[in-house]
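# Examination of the molecular architecture
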Amino acid sequence: MIRRLTEKDRETVLAYAGKRPAENLFIIGDIEAFGFNSDVVTVWGDFDQNGALASIMLRYRENYIPYAEDPERLDGEAWGRILRQDSRMNMVSGIEEYAAGILPFAGRSVKSRKVCYYARRPLGRPVNRELSGMEVKMLFPEEADRIIALRREIAEFTGTTDERPEVLRENMEKGISRTFYIEKNDEPVSAVSTTAETGQAAMIIGVCTRKDWEHRGLATKCLTKLIGVLQAEHKEPCLFYTNPAAGRIYKKLGFIDIGKWMMAGF
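This text gives an overview of the structure that appears in the document. As the structure is a computational prediction, the values presented were derived from the model and not from experiment.

### Things to note about the pairing of strand β5 (residues 91-95)
Taken across its five residues, β5 has four buried, putting it largely inside the fold. Chirality of the crossover, the property in question, places the unit of strand β4 (residues 63-67), helix α3 (residues 76-84) and β5 among those that are right-handed.

As structure tokens, then:
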């Protein structure tokens, strides 16, 4: 039986999703940031005959994210009925096997499909702080437009959906996002951000360097600084990547692949 969840279900849902905090970073983060009564977020649970959670799904704006502790217990047909009730729905995303199990029942044709590698950096792995440096700065919310301008300048940049300064600023003020950057000649030339930070994990996005400053280790410095800060707070860094060359760099910094993440647009 699927029903919409409320604040009364918070402990049950977070305990269920919290068994795999990296995989459920967006679900946990959105619940922590917005709760169950926001216009931005809706959460449902599918309960078995014994009243135990079999699977969950979270809506963030027009994006739906499913999860099940046991993939065989995710009822794609039942969740498809939930999707078909919302005319705003334009994306299903999540661990590939979960998202793919719902798509045949969504009632709409998939117009785009992207699959990325999903990686995390286990806590406890040493951080080579010599790779960062004093030149790495932390961005203040009122400076959000500087980093958005850098991202827009880099044509090949595709790492984040927060392309408006006001969105980045709002997320920073909520404490679910932060940015570290390096500047040259008073302009940012390399940066890295987090999003969907929870008490246990953080998604790394927006790893970028201006073309005329590439291949100088600037992004690695920003990443190392960020990883060190997250580790000090006992938060596990996670990230997506599609480029094998980028994957090799991330693995040198201690990341390991944990699966694939699918984003299907309608």
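From this point, things continue past the structure.
### Some points on the packing of helix α5 (residues 144-153) against helix α6 (residues 165-174)
α6 packs onto α5 with a crossing angle of 130 degrees between their chain directions and a minimal axis gap of 9 Å. As far as their axial angle goes, α6 and α5 are oblique. Where α5 crosses over α6, the handedness of that crossing is right-handed. Residue-level contacts link Ala144, Asp145, Ile148, Arg151 and Arg152 of α5 to Pro165, Leu168 and Arg169 of α6. When its residues are assigned to classes, the contact of α5 with α6 shows four nonpolar, no polar and four charged.

### Looking at the state of the cysteines
Enumeration over the complete set of coordinates arrives at zero disulfides. Cysteine 222 takes part in no disulfide bond, and the closest cysteine sulfur, belonging to cysteine 208, lies 8.5 Å away. Judged by relative accessible area, cysteine 222 falls into the buried class, the value being 0%.

### Digging into unusual backbone geometry
Phi angles above zero are rare outside glycine, and alanine 196 is one such case at about 55 degrees. Mapped onto the fold, alanine 196 is located in the loop between β9 (187-195) and β10 (201-209). For histidine 234, which is not glycine, the phi dihedral falls at a positive 60 degrees. With respect to the helices and strands, the residue histidine 234 is situated in the loop between α7 (218-232) and β11 (236-241).

### A few points about the sheet that holds strand β12 (residues 256-265)
Spatial strand order, β1-β2-β3-β4-β5-β12-β6-β11-β10-β9-β8-β7: twelve strands in an open sheet with mixed pairing. Looking along the sheet, the strands with just one partner apiece sit at the ends: β1 (2-4) and β7 (137-138). Sheet analysis places β4 next to β5, joined by two bridges and oriented parallel. By the bridge assignment, tyrosine 64 is partnered in β5 with valine 92. Contacts from α5 reach β8 (179-184), β9 and β10 within the one sheet, and its direction differs from that of β9 by about 100 degrees. Across the sheet, α7 lies against β8, β9, β10 and β11, angled at about 35 degrees from β9, the strand it touches most.

### Some points on the nonpolar core
In terms of nonpolar packing, the biggest core is built from 47 residues, with Leu25, Ile56, Tyr64, Leu83 and Val92 touching the most fellow members. In terms of residues, this core owes the most to one element, helix α2 (residues 25-34), which gives six residues. Setting aside residues up to four positions removed in sequence, isoleucine 56 forms contacts with Val13, Tyr16, Ala17, Ile27, Trp44, Gly45, Ile65, Pro66, Tyr67 and Trp79. Counting 21 residues, the second largest nonpolar core, distinct from the first, contains Val136, Ala202, Leu223 and Ile227.

### Section: the pattern of salt bridges
Applying the stated criterion across every chain yields a total of 21 salt bridges. Across the pair glutamate 233 and arginine 178 runs a salt bridge whose closest N-O atoms are separated by 2.8 Å. Residue glutamate 233 is found in the loop between α7 and β11, and its partner arginine 178 is found in the loop between α6 and β8; the two are separated by 55 residues along the sequence. With a relative accessible area of 35%, glutamate 233 lands in the partly exposed category. Residue class for arginine 178 comes out buried when judged on its relative accessible area of 11%. Salt bridges sharing partners connect three or more residues here, namely Lys137, Glu143, Arg146 and Glu183.

Criteria and cut-off values
- Residues numbered from 1 in each chain as written.
- Predicted model: local features only at pLDDT ≥ 70, side-chain atom pairs only at ≥ 80, totals over all residues.
- Heavy atoms only, no water.
- Buried < 20%, exposed > 50% of the residue type's maximum accessible area, 1.4 Å probe, protein only.
- Helix = DSSP H or I, 4+ residues; strand = E, 2+ residues; numbered from the N terminus.
- Right-handed = clockwise from strand over helix to strand, strands pointing away.
- Axes fitted to C-alpha atoms, helices over the stretch in contact; angles between N-to-C directions.
- Parallel < 35°, antiparallel > 145°, perpendicular 65-115°, else oblique.
- Left-handed = near helix turned anticlockwise from the far one by under 90°.
- Contact = heavy atoms within 4.5 Å.
- Nonpolar A, V, L, I, M, F, W, Y, C, P; charged D, E, K, R; others polar.
- Disulfide = S-S within 2.5 Å.
- Pairing = 2+ DSSP bridges.
- Core = buried A, V, L, I, M, F, W, Y, C linked by side-chain atoms within 4.5 Å.
- Salt bridge = Lys/Arg side-chain N within 4 Å of Asp/Glu carboxyl O.

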